[in-house]
Amino acid sequence: MKSLYLIAGALAFAPTAAFAQSHEEKTTFTGVKVGASVEYRWADAEYKLPRIASKIDENKGSLGYRAHIGYDAQIGSMLVIGGEAGIGRGGKTLKTSSPIGDYSLKPRWSWDASARAGILAAPTVLLYGRAGYSWLRVREKTDFRDSALKDLNTSGTEKGFLYGAGIETAISPGVFVRAEYDRVNYGDGFKSSKAQLGISVGF
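Nothing here was measured: the structure is a model prediction, and the numbers come from that model.

Caption draft 1: Spatial organisation of the nonpolar core. Membership of the largest hydrophobic core comes to 16 residues, with the highest contact counts inside it found for Tyr-47, Ile-56, Tyr-103 and Phe-190. Elements with a minimum of two residues in this core: strand S1 (31-49), strand S5 (101-122), strand S6 (125-144) and strand S8 (175-187). Broken down by element, this core gets its largest block of residues, four residues, from S1. Discounting residues that sit within four places of it in the chain, Phe-190 has contacts with Ala-43, Asp-44, Ala-45, Tyr-47, Leu-94, Leu-105, Leu-136, Val-138, Glu-158 and Asn-185. Formed by seven residues, the second largest nonpolar core is a distinct cluster that contains Phe-29, Val-80, Ala-170 and Phe-176.

This is the structure:
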């Protein structure tokens, strides 16, 4: 009777083991990938504002989103290298005030281009680092309390070096989920960082 239980258990386990082995054999990180992410973005500003004789020193976070397209090449059983481009939006308005007036900075659309390289900790798990460049459209507004002074409302593009790291897992052949943290230093006291959860489909 004990032998029958052992045989039944082996038969029950066999399809599961076969599926796991088949999944690992078929999984490859090579190919074109498109996907999307939800993010939590922080904007950090610390610089002087001579026009209103003040300084902004504020850090705010909010939800954002990003779409991406890229290509990865798996080299052997351990190494993956690739490139990616993305576009997204998110971030909260940063503000400060003084007796002379009010200042605000609103992050808007961002886009980026980067390379990544990583190692496979398991056949379906990739640990990677990322480096590249990011552009961020911002709207700056200065409202003066003196009606004789003209308010300023301008838009511009911040540029900076992007770096980060993450983990990506193949949940089935051609479907990947990721968790990633990135940071960008735009210079002049303005920085941005984001934590993201995303999904990609490979072709």
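Caption draft 2: Inspection of the environment of Leu-127 at higher detail. Looking at where Leu-127 falls in the secondary structure, it is placed in strand S6. Considered as a pair, Leu-127 and Glu-168 are 41 residues apart in the sequence and their alpha carbons are 6.6 Å apart. Not counting chain neighbours up to four residues away, the residues in contact with Leu-127 comprise Ala-117, Gly-118, Ile-119, Ala-121, Gly-166 and Ile-167.

Caption draft 3: Structural context of the pattern of salt bridges. Enumeration over the complete set of coordinates arrives at 16 salt bridges. A salt bridge links Lys-55 to Glu-46, with the shortest nitrogen-to-oxygen separation between them at 3.6 Å. On the accessibility criterion, Glu-46 (42% relative accessible area) is partly exposed. Two residues, Lys-60 and Glu-58, come together in a salt bridge whose shortest N-O distance is 3.6 Å.

Caption draft 4: Molecular detail of the packing of aromatic side chains. Counted by the stated rule, this structure contains eight aromatic pairs. An angle of 85° between the planes, with centres 6.3 Å apart, marks the rings of Tyr-47 and Tyr-103 as edge-to-face. Within this pair, whereas Tyr-47 is found in strand S1, its partner Tyr-103 is found in strand S5, the two being separated by 56 residues in sequence. A centroid spacing of 5.2 Å and a plane angle of 70° characterise the contact between Tyr-133 and Trp-135, whose relative ring orientation is edge-to-face. The class of Tyr-133 is partly exposed, set by a relative accessible area of 36%. Taken together, Trp-111, Tyr-133 and Trp-135 form an aromatic cluster joined through their ring pairs. Taking NZ or CZ as reference, Lys-33 lies 4.1 Å from the ring centre of Phe-176, over its face. The residue whose ring lies beneath Arg-116 is Tyr-128, and the NZ or CZ to ring-centre distance is 4.5 Å.

Cut-offs and rules
Starting afresh in each chain, residues are numbered from 1 along the sequence in its written order. Only residues with pLDDT of at least 70 are given local features in this predicted model, and only at 80 or more are side-chain atom pairs given and counted; all residues enter the totals for whole chains, interfaces and linings. Excluding hydrogens and water, the side-chain values take into account all heavy atoms of the structure. By convention a nonpolar core is built from buried Ala, Val, Leu, Ile, Met, Phe, Trp, Tyr and Cys residues, the set being connected through side-chain atoms within 4.5 Å. Each residue is assigned to one of three classes by its accessible area relative to the maximum for its type, calculated with a 1.4 Å probe on protein chains only: buried under 20%, partly exposed between the two thresholds, exposed over 50%. Comment: elements are numbered from the N terminus, with helices defined as DSSP H or I runs of at least four residues and strands as E runs of at least two. Only heavy atoms enter the contact rule, under which two residues are in contact if any of them lie within 4.5 Å. What counts as a salt bridge is simple: a side-chain nitrogen of Lys or Arg found within 4 Å of a carboxyl oxygen of Asp or Glu. Two rings from Phe, Tyr or Trp (for Trp, the six-membered ring) form a pair when their centres are within 6.5 Å of each other. A pair whose planes differ by under 30 degrees is stacked, one over 60 is edge-to-face, and the rest are tilted. Working rule: Lys NZ or Arg CZ, within 6 Å of ring centre, within 35 degrees of ring normal, means a charge sits over the ring.

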